[in-house]
Amino acid sequence: MGIGKRSRQGVGKILVVDDEVLLRTMICDGLEAAGHTVLQASSGEEALKVAKAEHPQCILLDIMMPGLDGYETCAALKVESETASIPVILISATADVRVVDRAENVGAAAVLPKPVPIEQLEHAVALALNPPA
């Protein structure tokens, strides 16, 4: 887990959830380099625990994971009062249009392709942390 300071607009505490260690590490490294505090989880079940305990400002969530998948995890986050307001960005290895529809149905703020370029990820996180008025 890296530590960053909330020293400029758009920088915050981000929870990265992915069962693939390499991809999770790459995303975390990019976010830490941008100044974010980064928390990690390797499963949906772990993500729910970390989100409740740490109150991240945004969650990046892989869709395809064993156990609770990203859709189920997002839906579970959105029904809990203490995590319902946290923006969730789903990350998908498929470009199927049904992914976006299903993501909207479970309350996700956005869906990004996997692997996601760090610039695109940073932009999505900045929008989640500072939505347009």
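Everything discussed here concerns the structure shown above.
Values in this document were obtained by computation on a predicted structure and should not be read as measured data. (Residues numbered from 1 in each chain as written. Predicted model: local features only at pLDDT ≥ 70, side-chain atom pairs only at ≥ 80, totals over all residues. Heavy atoms only, no water.)

Caption draft 1: Expanded view of helix α1 (residues 21-33). Counted at 1.5 Å a residue, the expected span for α1 with its 13 residues is 18 Å, and the 18 Å between its end C-alpha atoms agrees. Residues of α1 that are buried in the fold lie against β1 (13-17), β2 (37-41), β3 (58-62), β4 (88-92) and α5 (118-129). Taken from the residues just after α1, G35 is the one with a positive phi, measuring 100°. (Helix = DSSP H or I, 4+ residues; strand = E, 2+ residues; numbered from the N terminus. Expected span 1.5 Å × (residues − 1). Contact = heavy atoms within 4.5 Å.)

Caption draft 2: Region of the structure containing the sheet that holds β4. If you trace the five strands from one edge of the open sheet to the other, you get β2-β1-β3-β4-β5, paired in parallel fashion. Of all the strands in the sheet, the pair left with one neighbour each is β2 and β5 (110-113). Across the sheet, the mean angle from the axis of one strand to that of its neighbour is 20°, orientation sign disregarded. Examined bridge by bridge, β1 and β3 share four bridges and lie parallel to one another. Residue V17 lies in a different strand from β3, and its bridge partner there is L61. (Pairing = 2+ DSSP bridges. Axes fitted to C-alpha atoms, helices over the stretch in contact; angles between N-to-C directions.)

Caption draft 3: Spatial organisation of the nonpolar core. Ranked by size, the top nonpolar core spans 22 residues in total, and within it L15, V17, I59, L61, C74, V88 and L90 carry the most contacts. No other element matches the four residues that helix α2 (residues 44-54) contributes to this core. Filtering out sequence-adjacent residues up to four positions away, V17 remains in contact with A41, S43, A47, I59, L60, L61, D62 and M65. (Core = buried A, V, L, I, M, F, W, Y, C linked by side-chain atoms within 4.5 Å. Buried < 20%, exposed > 50% of the residue type's maximum accessible area, 1.4 Å probe, protein only.)

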